[in-house]
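Chain by chain, the residues run as shown.
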Amino acid sequence: MFKQNSVNLVCSTLAILCAYYIEVVSVLFWFGGLLVIPAIAIWYQFKFALGNFILRLSVAILPWLVLCVIGLFWASKTEHDGQRAMNMFFFEMPLYSVAVGTVVVTVYFFFKKARLSS
């Protein structure tokens, strides 16, 4: 279980960082992809993680939260106000998507659990 979750974390973190590094995310920013892709990724990361609900949700959310926190910290250090606002918005969009994805995964998990128990 630990090995599978570690592989999941490493692969998802590398994929996220590579997407940011090659600036695929910049294109997605202008087309709203940063509001959709992280939520979908959380769904799949949660699906393939092992363990109890909290552990699976943590494995799904952790790479995105780390990216957003680092990005928001980096953006807050920007000198120019307009550039800072744009950078903050660039890293806030995935954070909103992560929040929505977390809510959707949680509702689905408990709905599925309630349906199986009845």
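A brief look at the structure comes next. (Residues numbered from 1 in each chain as written. Predicted model: local features only at pLDDT ≥ 70, side-chain atom pairs only at ≥ 80, totals over all residues. Heavy atoms only, no water.)

Bringing the packing of aromatic side chains into the picture now. All chains considered together, the criterion is met by seven aromatic pairs. Ring plane angle 55° and centroid distance 4.9 Å describe the contact between Trp43 and Tyr108, whose orientation is recorded as tilted. Highlighted residues: Trp43 in helix H3 (residues 33–48) and Tyr108 in helix H5 (residues 81–117), separated in sequence by 65 residues. Members of the aromatic cluster, connected to one another through ring pairs, are Phe46, Phe53, Phe109 and Phe110. The ring centre of Phe46 lies 4.1 Å from the NZ or CZ of Arg56, which sits over that ring. (Phe/Tyr/Trp six-rings, centres within 6.5 Å; stacked < 30°, edge-to-face > 60°. Helix = DSSP H or I, 4+ residues; strand = E, 2+ residues; numbered from the N terminus. Lys NZ or Arg CZ within 6 Å of the ring centre and 35° of its normal.)

One can describe the packing of helix H2 (residues 24–31) onto H5 by two numbers: an axis separation of 11 Å at closest approach and a directional angle of 90°. The angle between H2 and H5 places the two elements in the roughly perpendicular class. Counted together, Val25, Ser26, Phe29 and Trp30 of H2 and Met86, Phe89, Phe90 and Met93 of H5 form the full contact between these two elements. Each residue belonging to the contact of H2 with H5 can be placed in one class, and the counts come to seven nonpolar, one polar and no charged. (Axes fitted to C-alpha atoms, helices over the stretch in contact; angles between N-to-C directions. Parallel < 35°, antiparallel > 145°, perpendicular 65-115°, else oblique. Contact = heavy atoms within 4.5 Å. Nonpolar A, V, L, I, M, F, W, Y, C, P; charged D, E, K, R; others polar.)

Let us now look at the side chain of Ser12. With respect to the secondary-structure elements, Ser12 resides in helix H1 (residues 2–21). The class for Ser12 is buried, based on a relative accessible area of 10%. (Buried < 20%, exposed > 50% of the residue type's maximum accessible area, 1.4 Å probe, protein only.)

Right, let's get into the packing of H2 against H3. H3 packs onto H2 with a crossing angle of 115° between their chain directions and a minimal axis gap of 6 Å. On the basis of their axis angle, the class for H2 and H3 is roughly perpendicular. Packed against H2, whose contacting residues are Val25, Leu28, Phe29 and Phe31, the element H3 presents Gly33, Leu34 and Ile37 at the interface. Of the residues in the contact of H2 with H3, the class split is six nonpolar, one polar and no charged.

Further remarks concern the nonpolar core. In terms of nonpolar packing, the biggest core is built from 19 residues, with Tyr20, Leu34, Ile42, Phe46 and Phe90 touching the most fellow members. If you list the elements that add at least two residues to this core, you get H1, H2, H3, helix H4 (53–76) and H5. Residues in contact with Phe46, not counting those within four places in the same chain, are Phe53, Arg56, Leu57, Ala60, Val105 and Phe109. (Core = buried A, V, L, I, M, F, W, Y, C linked by side-chain atoms within 4.5 Å.)

Such coordinate-based values are descriptive only and should not be taken to indicate function.
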